[in-house]
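Residues per chain are reported as follows:
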Amino acid sequence: MNTKVIPVLRIFDYDKTVEFYVDWLGFNIDWKHRFSDDAPLYMQVSKGPILFHLTEHHGDCCPGAKVYIETTGVLDYHKELLGKKYKYNRPGIEQAPWNAPCMTVNDPFGNTILFTEEGKN
């Protein structure tokens, strides 16, 4: 079985979405879809193997989700993000109980993304 999991996160404002996910976090916009010019947006963003579907459709999901991402290079990514001086989010680093660095960011729509590494015992 080949499996891919793609979280769907609620958004409300395209410009804020681009500012947070693209300009600050460094994701790419893969595609965007609207049924018409006045319809809600549905889009995919990615950063390497991380994919999110972001939606303005009120029935797709609720704001306030949390996504847990296990990756490598969290300390370097943290340094990169702080260097961008994004005025709405300056995450810290915490040491998780599983002995790995954790960085939590909150998007403008109430969603939380936690970046961490595999535990080192």
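For the structure, check the block above.
Here's what I pulled together on the structure shown here. (Residues numbered from 1 in each chain as written. Predicted model: local features only at pLDDT ≥ 70, side-chain atom pairs only at ≥ 80, totals over all residues. Heavy atoms only, no water.)

### Things to note about the layout of surface pockets
Test applied: The way it works is a 1 Å grid over only the protein atoms, where trapped points that fit a 1.4 Å probe form a cavity and open points with protein on both sides within 12 Å along at least five of seven lines form a pocket, and then any residue with an atom within 4 Å of a point lines it. Grid points are joined across faces, edges and corners, and a volume is the space filled by probe spheres set on the points. We count a stretch as a helix when DSSP gives it H or I for four or more residues in a row; a strand needs E for two or more, and each element gets its number in order from the N terminus. Amino acids outside the nonpolar list (Ala, Val, Leu, Ile, Met, Phe, Trp, Tyr, Cys, Pro) and the charged list (Asp, Glu, Lys, Arg) are all regarded as polar, and Gly is one of them.
Roughly 250 Å³ of internal volume is contained in the largest pocket. Every element with two or more residues in the lining of the largest pocket is listed here: strand E4 (50–55) and strand E5 (66–70). A per-class count over the lining of the largest pocket returns 7 nonpolar, 2 polar and 3 charged.

### Describing the sheet that holds E5
Worth spelling out the cut-off: Pairing between strands is defined by DSSP: at least two bridges between the two strands are required. In what follows, a contact means two residues having at least one pair of non-hydrogen atoms within 4.5 Å. For every element, the axis is a line fit to its C-alpha atoms; helices are fit only across the contacting stretch, and the angle between N-to-C directions ranges from 0 to 180 degrees.
Taken in spatial order, the 4 strands make up an open sheet running E5-E8-E7-E6, and their pairing is mixed. Where the open sheet ends on each side, the last strands, each with one partner, are E5 and strand E6 (94–95). As defined by bridge partners, E6 adjoins strand E7 (residues 101–106) across 2 bridges and the pair is classed as antiparallel. Each residue of the ladder has a partner; that of Glu 94, found in E7, is Cys 102. The strands touched by helix H2 (residues 74–83) are E7 and strand E8 (112–116); relative to E7, the strand with the most contacts, the crossing angle is about 40 degrees.

### Section: the environment of Thr 72
Heads up, the rule is: When a residue's accessible area, from a 1.4 Å probe over protein chains only, is under 20% of the maximum for its type it is buried; when over 50% it is exposed; and in between it is partly exposed.
In this structure, Thr 72 sits in the loop between E5 and H2. You can call Thr 72 exposed: its relative accessible area is 68%. Measuring from C-alpha to C-alpha, the distance between Thr 72 and Glu 117 comes to 5.6 Å, with 45 residues separating the pair along the chain.

### Some details on unusual backbone geometry
A positive phi angle is found at Lys 85, which is not glycine, with a value near 50 degrees. Tracing the backbone shows Lys 85 in the loop between H2 and E6. The exposure class of Lys 85 is exposed, given its relative accessible area of 62%.

### Things to note about the sheet that holds strand E1 (residues 8–10)
Read across the sheet, 4 strands follow the order E1-E4-E3-E2 without closing on themselves; strand pairing throughout is mixed. Because the sheet does not close on itself, it has two edges, and the strands there are E1 and strand E2 (28–33). For this sheet, the mean angle separating the axes of adjacent strands, direction not counted, is 25 degrees. As defined by bridge partners, strand E3 (residues 42–47) adjoins E4 across 6 bridges and the pair is classed as antiparallel. Bridge pairing in E4 places Ser 46 opposite Leu 51. Sheet strands in contact with helix H1 (residues 14–24) are E1, E2, E3 and E4, and its direction is about 155 degrees off that of E2.

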